[in-house]
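Residues per chain are reported as follows:
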Amino acid sequence: MQSQFCLKGKKALITGGAAGIGQSLGYALASAGAAIAVADIDEEAARKTADAIKAKHGVQTTAIRVDVTDPAQCAAMVARSADDLGGVDVCVANAGITITGVSLLDYTPEQWNKIMSVNLNGVFYTDQAAARYLVKQGTGGRIINMCSMGGTIITYHPYGASGAYCTAKGGVKQLTKAFALDLAKHRITVNCISPGYVRTALSAKFWEDPQSSGDKLRATPLGRPGEPEDLDGLAIYLASDASAYMTGSDVIIDGGFTVI
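Residues numbered from 1 in each chain as written. Predicted model: local features only at pLDDT ≥ 70, side-chain atom pairs only at ≥ 80, totals over all residues. Heavy atoms only, no water.

A.B. asks: Describe the overall build of the protein, with residues and values.
C.D. replies: For the protein, the count of helices and strands is eight helices and seven strands. A globule of 260 residues ought to have a C-alpha radius of gyration of about 18 Å, and the protein, at 17 Å, matches this closely. Dimensions of the protein, computed from C-alpha atoms along their principal axes, come out at roughly 50 × 40 × 35 Å. Evaluated residue by residue, the protein yields a buried proportion of 52% over its 260 residues. Considering only contacts within the protein whose residues lie at least 6 apart along the sequence, 73% involve residues at least 24 apart. (Helix = DSSP H or I, 4+ residues; strand = E, 2+ residues; numbered from the N terminus. Rg over C-alpha atoms; globule rule 2.2 N^0.38 Å. Buried < 20%, exposed > 50% of the residue type's maximum accessible area, 1.4 Å probe, protein only. Contact = heavy atoms within 4.5 Å.)

A.B. asks: Which residues make up the packing of helix H1 (residues 20-31) against helix H8 (residues 232-239), and what values go with them?
C.D. replies: The interhelical angle for the contact between H1 and H8, taken along N-to-C directions, is 55°, at an axis separation of 9 Å. Relative to H8, H1 is oriented oblique. As for how H1 packs across H8, the hand of that crossing is right-handed. In contact with Ser24, Leu25, Ala28, Leu29 and Ser31 of H1, H8 contributes Asp232, Ala235, Ile236 and Ala239. (Axes fitted to C-alpha atoms, helices over the stretch in contact; angles between N-to-C directions. Parallel < 35°, antiparallel > 145°, perpendicular 65-115°, else oblique. Left-handed = near helix turned anticlockwise from the far one by under 90°.)

A.B. asks: For the sheet that holds strand E1 (residues 11-15), give the residues involved together with the corresponding values.
C.D. replies: What the seven strands build is an open sheet, ordered E3-E2-E1-E4-E5-E6-E7; its pairing is parallel. Unpaired on one side and paired on the other, strand E3 (61-65) and strand E7 (250-253) mark the two borders of the sheet. Going across the sheet, the axis of each strand differs from the next one's by a mean of 15°, ignoring polarity. Relative to strand E6 (residues 188-195), strand E5 (residues 141-146) runs parallel, the two sharing six bridges. Looking at the pairing, Met146 lines up with Ile193 of E6. Set on the sheet, helix H4 (residues 109-137) makes contact with E1, strand E4 (90-93), E5 and E6; between it and E5 the angle comes to about 175°. Along the sheet face, helix H5 (residues 162-183) touches E5, E6 and E7 and points at about 165° away from the line of E6. (Pairing = 2+ DSSP bridges.)

A.B. asks: For the nonpolar core, give the residues involved together with the corresponding values.
C.D. replies: Grouped together as the largest cluster of nonpolar side chains are 31 residues, with contacts concentrated most on Leu25, Leu29, Ile36, Val92, Ile144 and Ile193. Of all the elements in the fold, those that place two or more residues in this core are E1, H1, strand E2 (35-40), helix H2 (43-57), E4, E5 and H8. Among all residues touching Ile36, those that are not within four sequence positions of it are Ala12, Ile14, Gly26, Leu29, Ala30, Ile53, Gln60, Thr61, Thr62 and Leu85. Core analysis: the next-biggest nonpolar cluster, separate from the first, contains 30 residues, Ala37, Val123, Cys147 and Val172 among them. (Core = buried A, V, L, I, M, F, W, Y, C linked by side-chain atoms within 4.5 Å.)

A.B. asks: Describe unusual backbone geometry, and please don't skip the residues or the numbers.
C.D. replies: Of all residues except glycine, most have a negative phi; of all peptide bonds, most are trans. For Arg187, which is not glycine, the phi torsion reads 60° and is therefore positive. The residue Arg187 is located in the loop between H5 and E6 in this model. Exposure remark for Arg187: the relative accessible area of 55% places this residue in the exposed category.

A.B. asks: Report on the layout of surface pockets, specifying residues and quantitative values.
C.D. replies: Estimates place the volume of the largest pocket at around 840 Å³. In terms of lining, the largest pocket is formed by 36 residues, of which the most central are Asn94, Ala95, Gly96, Ile97 and Leu202. Listing elements by their share of the lining of the largest pocket, those giving two or more residues are H1, H4 and H5. Top element by residues in the lining of the largest pocket is H1. It accounts for three residues. Of the residues belonging to the lining of the largest pocket, the class tally is 18 nonpolar, 14 polar and four charged. (1 Å grid on protein atoms, 1.4 Å probe; cavity = no way out; pocket = protein on both sides within 12 Å on 5 of 7 lines; lining within 4 Å. Points joined across faces, edges and corners; volume = space filled by probe spheres on them. Nonpolar A, V, L, I, M, F, W, Y, C, P; charged D, E, K, R; others polar.)

Laid out in structure tokens, this is it:
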């Protein structure tokens with residue numbers, strides 16, 4: 001059974017991999033044996049994370065600067081990952097942003113376009129570039145998109161940017177299914193992970209506010225915030241041979257928040 005979850009010999013690319021959930025997933029996949037390409041708009045942070053993963057797990061790593069809103073950069077990122085690691089087998093489209101506490105009534109076109117450009121277009125460009133490479137490589141593969149419970153429900157102020165963020169994440173969920181259908185014949189699976197309220201640097205201000213954090217925790221049956229590490233086991237599963245018959249799925253990990 002353990003061999004099904006082993007990633008030794010696999011090469012994984014993670015966008016937004018320098019910090020938060022992406023960084024945690026990099027450590028997790030490396031712990032299962034995968035070589036890791038850390039891609040991020042912050043190249044210095046990506047390099048530090050890549051070096052730290054290599055030092056801890058002894059796997060090959062590389063760091064790549066990428067702006068996922070640029071399709072040419074996404075294509076170059078995949079090519080660079082393949083060159084540096086000797087191929088790409090797993091792609092995790094994790095890069096994302098949020099603008100907190102803004103009603104759709106007050107959103108500017110610039111704010112709306114920024115959310116869509118990173119959170120939806122960026123996933124499309126990343127998936128498309130990875131898929132083109134994997135199809136050409138011809139050995140199957142895994143694409144994992146980072147969605148959100150906001151793709152299923154509308155999260156509310158002051159955290160999550162409500163309508164715009166949730167609209168983008170709803171698009172990611174549908175995009176995942178569409179890619180899953182297109183790529184099934186190539187033995188490439190495409191699934192997404194939808195976290196609930198996870199404690200990261202991106203959401204630090206939210207957790208520092210006793211009223212806001214208290215409201216969310218009272219509405220979470222497990223009674224605690226998620227940690228990035230709570231997603232690691234699922235990511236290893238989706239990247240491994242154990243998930244070979246799973247594609248087009250969205251898995252919510254939210255402490256039960258969406259149950260109520």
